[in-house]
Every structure is written in C-alpha cells, then in structure tokens.
Amino acid sequence: MISLLSKTLTIPSLPLLRLTHLTLTTHSLFTGFTSTPTPTATQTRPMSSDSTQRVFQLKLDPLTGNSEWVIIEDGNKEEEEETLKSSSNALLATTSYLDMLNDDARNRAFREAIDKTITRPCHVLDIGAGTGLLSMMAARAMGTCDDSKKGMVTACESYLPMVKLMRKVLHVNGMGKNVKFFNKRSDELQVGVDIPSRADVLVSEILDSELLGEGLIPTLQHAHDELLVDNPLTVPYRATTYGQLVESTFLWKLHDLSKNEEEASDSIRLVPPGLDTILGVKTQQHPMQCDAISKEINLLSEPFKIFEFDFWKRPDSQGDSKVLIKATNGGRVHAVVSWWVLQLDSEGTIFYSTAPGWITSPIATYTGNWRDHWKQCVWFIPGEGIPISKGEEVHLHAVHSDTRVSYNLATQATEIREGDSSAGDSHLTLSPERIAIYGDRKWRSCMLTALENLLRERANPLCIVADDSVFLSLLIAHLSKTSKVIALFPGLREMGVQYLKAVADANGFTADRVEVFQKKKHLTLHDTKQKKVDLLIGEPYYYGNDGMLPWQNFRFWKERTMLDSVLAEDVLVMPCKAMLKACAMSLPDLWKSRRCLSKIEDFDHSIVNNTLGACGDLPEPQEGPLLPFFIWQCGETQELSETFTIMEFDFSKSIGPCYGKAQVINLHLTLSLFCNSDHQGHYCRDMVVRFLGSKYPNIIPYSRSWFMFSNLIVVLCECASSPLVNFFHIHLKFVR
C-alpha cells in the first residue's frame, strides 16, 4: 500500500500500445493478449489535494529510451471511465496489489486482528488504503458493536488511480458512506481540516519485503505526532525481523565478479585486482524467493532476532542491534537471509510471517503459501564471504535508518563491513542478475567466440557498441589492437566513461581507444570522421531496463535502424537475429497469485480484476496482460510442451513489422494441474528470447541459469484439463 513514499507504478506508454498482439487458441478456446510495455522508472507527482486532482507520471518508451511526463486527471465520472479504459487493460498489472489481495493468509490475519481490536465505535485511520479492504473491515467491525455512539473510518491513499479503484470497490460493497477517503499522503492530513479529531485506531499495511522500504518509520512518526491519540490501538501491533547466516555458491555468484571471472577464458577483468568496488551490486537487502534455492543453501546458524518495531508507539529513525551468533555448521558465510514476523494483535495470538519454508520454529509461523509481494531478503557478504567453523562466534551489527537495514559481520579473525557505495564516479552498480551473467563462463565464452569470428573478417574496424555493455566494450578493445571503438552507453553515460578509464589499463589498452558518444543526437558520419561502421554489436543490455518484456530489448534493433546512414554496406551486426521462443508451462503458485478476485473476506473485489491485470475468469472482451517474471522464482513449475519458436527477427535489416505463428501439439494437459472450486485447471506460457550473433554458438537459455534472468515473460490463461485439449495455436504480430 502507499504511505509517505509513493509506490512505483507502471502505466503503458500510449504510442506503444500496438507493439504486439498475441492470441492463443486451445482447440475450442480462444484468449487474446495485447502487450503493455513496462517502464523501468516511473514517478508520480500529486499536484494538489483538492477534489479535482492532477497527477504527473513519468513514462518510458523502451524502444527509444525516451521518457515523458503525462497527466492523470481526476474529473467527472465519464472522464474517469475513459481514462481507465484508454490507459490499457492492465493499468496496475505490474504492481503487487493483485498478488497481495490474493494472499488469503494475509487477508484472514488482518480481518481476525481488526475484529478482535475494534470492539466499540471509534475513529479508525487507514494509511495506504489501496482498494479500501482494511477500511471496510474496520467499518464492519464497528457495525457489529452494541453501542449507540457512531464511529468513523478515514482512509488515505496517495496514488490517484488506486483512489479511483477504491471508490468503485466501496460503492459495490455499499460502504461509500461508511468510509471517508482522501487522495493524500498521510503527512498531508490535518486534524481540524480533513478529519475532526485524532484517530483512536490505526490499521495499515505499508510494508515491503525489507519491512521499512515503503516508509514505515516516517509514516508512523507523523501519525503518532499529528494524527493519533496517545496510546492508540494498532493493527499490526508489532513487527520483528529475523535473520540467518547461510552459505550458497548460487548467492555468491550473484554479487562477486572478482573471483568468478578469474576462470574465464577471455582475459577480461571487469573487476581488476585492487579495484574490488569498481563494479558490483547495490549495498542493500535484495528481495528473493529463497525457497527456490533451498537445496543450494547450507544453513550456518539458527535464526536470530534482529529488530523489533512497535506500531503502537513512535519509532526512532535510527537504531542498531548487536547479535552474537554461534555457528551451527562450518563453511563460508556468503549472505544473511532475513524475514519478518507480524504480530497483529496485542495479546500475541495472530501472526503472519515471510519466513522461508525451512523455518519451522514458532517464531516463524510459516504461512505455507507462495507469494510474490513479500519475499525474504538477502544481504550479500562482500567478496568471498567469511570462513567459519562449527561453534565459532560471529558478531553481527545491524543498523537501520528510516527506510533500510544494513549489516556488519565479524569473527575473531575476520571483519566484513558494509561496502562503500561512494567509491567515486567510477563505481558502477548493476543488478545481481547482470553480475551473474558477467561471471558466467559459458556466456563469456560465447561472446568471445562470436567476436573473434567477426574480427577475422575485418581489418582496422570501426566498431559501435550500441547498448550499455561494458563487457563488449572491453572485449573488442582487448581483442583488436587496431580497432576504433565507439560506445553509445545510452543509459550509463558518464558512469560508463569513468568506469572505462578506471579499468582500461588492467585490460591491456589505453582509455582513448574507446570513445563514449555523449551527444543527445544520433551518431553521424561527422562523428565518425566520415568512416563507415564495420561492426555493430550489443548483448543487448540497457542499463536500468532489467525485467523488461523480451521485445522491449529490441531497442537494439531500433538503434541499428537509426544508425543505418553510418553503417557500411557489408556491416556485421551482432546479434544478427533474435528468436522468440515459448514453452507451455504449469505455474500453479503464480497462477493463484494472479487469478481473478471475487470476494475477499466477504467483500466483493471483482470490479478490480481488469484494472489490476487479473487472469482467468475475465468477461469478454477483457484480456490478461503480458508480464515479465523470473520463472525460477515462481514457485512450483512444470513444462507441458517442448520449446518452440514463434517468430524470428532479422537485425541485419532495418526494423519493420513481423508476423509469426506456431501450432503446438501433444500438450501434456491430461495432468492434474491446479484445482479448486473456481478453476478446473490452467496452463501458462513462458516466452524466452534467444539472441544469436554472426557465427554465434547456439544458446538455449531455458534452465535455471543466469541467462534466464533477463528475457522471460509469462502469459497467464486458463484451459480445462482434458485429453481433448491437446494443441493450441499462437499468432504474434510485431508492429514498429
């Protein structure tokens, strides 16, 4: 939900709504899909708190990298309906709202705690109200009280599209007069102006996987200072964070390059000796479904308590905790895995936990249901980690600010401190998935082979690196001492310049060998000194575009088209083409989190399904969205078909419309896939883009390897589990 810190949301870029159209037909079933491009950085700015509001939202065109501010208006009802319709069927589909509302354990715990806490009419404040679910629970709880005094519920929600949705949900449930809502942040509410008095009860769910990231502390501070009575009742009552020391080569490869790349055959050093902090992941807790890698985790300690936050009293902005941990096993500490436990009532009888499945002690109260909106968090120990022996003591010093938690670890022989994130302008921060790809020997070997083959066909080439690949920039300069390299670095910009200067010498070339083109206009022959481009290369990878739909990385194709006037007639392009591949899969956990809503704790939420991008029982002509997911993080999975090709894209030519279709036979749909009272079964598809370069080795990135992090999407649909349904058709169109 939304409080002082505005939740990042994704609104489709209107010029790109026709990017793709995909339809699935299963024997006699037909479902259509229209893609909704996923901007990686969106911001919202509420301009006023009046009844008519104007919100500016930043949206990104993934094919060009350009962004623009658009206006979301709050006007009359007809205008409101048209706004929701024109902004696509999946306005909020890329947020966690739907997954959260499908979390039965969460909903039940809050309902039980609210019913237990609110025993008389009073003033209830709901901060970050979302669809108004907790507000309606509070209003209903007061409605059952045997008291002549009238209570009230105040709900505040800062994000305008969600406020519009809440208005509809309240109306459908006959709660429009029971809940007074404000399109404001909680720190904008004023007693005596917006609300008549301070609230007696706070109900709120402004938590992320780390607990503090959505602004829990500043929100509670302001509420206690300005909006709540002394000693208020609160739901939740308390939150406690726990941690555990783990050893995992898998997690180590997600953040450490300095050791992993020593075994690569290309001699490139993205992290040269002595420059350990030049490139790495952000020093923070990283949300992750740790159950997915439980077999690759060696537990080195028992769970330990880190912090405790009481909602019923004003929290401090800063805090620290020192924990002495005794190792239960020997090994190397690669990470701290953490989670939190909510105590929702003051008596301590109602709990909710984000603990991993291997935790069975009472403090965990493992819910047993897979969820995507709250995960465990992983804090990477820098470098190779800390070696420990069984029985050895480890000192953990945890520090929290308003919005984050950090750790320092030490043993008698070793001390690991929080990484210095201000190591200078040359410090480059990438995602854990990108670090893992750059440390993968097979991937690097493929890139090396492809570039070596290209360079055999060109002498003294002019090479353009069209994306943000620092690896390819270093590799081409290292392999060809006579080449001239121009890196566009559209996302890295000056960060890329400083990074290359810092690592050039360690990679066997002078920094002036690679020029970073920093002009806003496109490259011209004037910039190349009238020399035509011989090689155009890319991974492709664009900084900040992690988690995009596969075809949104076709920005490389767009760049290749814009550079057409400076390319030689016999220019070699790598990758020379892309293939869009797919596989029918059963993903019951993901399906459950994305399925259509009906009643939640007896409150009708079916009206939000289309807007939140729900899948399944949607009325015609509403359609489910296309969303990117990391399949290995999606709980239970099962392949139901062979991998097949839907479409190919020729990057050697300028960008243009493409059309592809495929028929898949012998689907294994006779299996019992997923059953409850509402669904007989389902399948969903997982699309994988496979990029191939000139003379490039064949890579199929469909396994739980680093490749699958970057180019996966799933489309959720429903299909009866029947031996009669044994094939489907796919039609896909790519429109420029």
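All figures in this text were calculated on a predicted structure; none of them were measured in a lab. (Residues numbered from 1 in each chain as written. Predicted model: local features only at pLDDT ≥ 70, side-chain atom pairs only at ≥ 80, totals over all residues. Heavy atoms only, no water.)

Novice: Quick rundown of the pattern of salt bridges? Include the residues and the values.
Specialist: All chains considered together, the criterion is met by 27 salt bridges. Of the charged contacts, one joins E308 and R238 as a salt bridge, the two residues approaching to 3.6 Å between their closest N and O atoms. A residue pair is termed long-range when its members are at least 10 positions apart, and E308 in strand β15 (residues 304-310) and R238 in strand β11 (residues 238-247) qualify at 70 residues. The class of E308 is partly exposed, set by a relative accessible area of 39%. Across the pair R441 and E263 runs a salt bridge whose closest N-O atoms are separated by 3.3 Å. Of the two residues, R441 sits in helix α9 (residues 441-456) while E263 sits in the loop between α7 (249-253) and β12 (279-280), which places them 178 residues apart along the sequence. Judged by its relative accessible area of 54%, E263 falls in the exposed class. (Salt bridge = Lys/Arg side-chain N within 4 Å of Asp/Glu carboxyl O. Helix = DSSP H or I, 4+ residues; strand = E, 2+ residues; numbered from the N terminus. Buried < 20%, exposed > 50% of the residue type's maximum accessible area, 1.4 Å probe, protein only.)

Novice: Could you give an account of the packing of α9 against helix α10 (residues 470-479), naming the residues involved and the relevant values?
Specialist: At a minimum axis separation of 11 Å, α9 and α10 run at an interaxial angle of 45°. The orientation of α9 with respect to α10, classified from their angle, is oblique. In the packing of α9 onto α10, the handedness of the crossing is right-handed. Only F471, L472, L475, I476 and L479 of α10 make contact with α9, whose side of the interface consists of W443, R444, M447, L448, L451, E452 and L455. Class assignment for the residues of the contact of α9 with α10 results in 10 nonpolar, no polar and two charged. (Axes fitted to C-alpha atoms, helices over the stretch in contact; angles between N-to-C directions. Parallel < 35°, antiparallel > 145°, perpendicular 65-115°, else oblique. Left-handed = near helix turned anticlockwise from the far one by under 90°. Contact = heavy atoms within 4.5 Å. Nonpolar A, V, L, I, M, F, W, Y, C, P; charged D, E, K, R; others polar.)

Novice: Go over the environment of V533, please, and point to the residues and values.
Specialist: Tracing the backbone shows V533 in strand β29 (residues 533-537). Of the residues examined, V533 reaches a relative accessible area of 0% and is grouped as buried. Spatially, the C-alpha atoms of V533 and V571 are 6.7 Å apart, while their sequence positions differ by 38 residues. Apart from residues lying up to four places away in sequence, V533 is in contact with L462, I464, V566, L567, A568 and V571.

Novice: Break down the packing of helix α3 (residues 104-117) against helix α4 (residues 133-143) for me, citing the residues and quoting the values.
Specialist: Close contact between α3 and α4 brings their axes to 9 Å; oriented N to C, the two are set at 35°. The hand of the α3/α4 crossing is right-handed. Listed contacts from α4 to R106, N107, F110, R111, I114 and D115 of α3 are L133, L134, M137, A138, R140 and A141. Classifying every residue of the contact of α3 with α4 by side-chain character gives seven nonpolar, one polar and four charged.

Novice: Would you mind going over α10 in detail, with residue names and values included?
Specialist: Structurally, the α-helix is built with 3.6 residues per turn, so residues lying three or four positions apart point the same way. Taking burial as the measure, the 10 residues of α10 include eight buried ones, the bulk of the element. Burial in α10 covers these residues: V470, F471, L472, S473, L474, L475, I476 and A477.

Novice: Mind laying out the confidence of the model for the protein, listing which residues take part and the relevant values?
Specialist: Per-residue confidence for the protein averages 80 on the pLDDT scale, and 74% of its residues sit at or above 70. This model gives residues 83-90 a pLDDT under 50, and the stretch forms 19 contacts once residues within four places in sequence are excluded. Here residues 669-728 is a poorly scored stretch, pLDDT under 50, and it has 234 contacts once near neighbours within four places are set aside; other chains count. (pLDDT = per-residue confidence, 0-100.)

Novice: Residue-level account of the environment of D602, with values.
Specialist: If you trace the backbone, D602 turns up in the loop between β32 (599-600) and β33 (603-604). Along the primary structure D602 and M137 are separated by 465 residues, whereas in three dimensions their C-alpha atoms are 9.5 Å apart. Sequence-distant contacts of D602, defined by excluding residues within four places in its chain, comprise R140 and N173.

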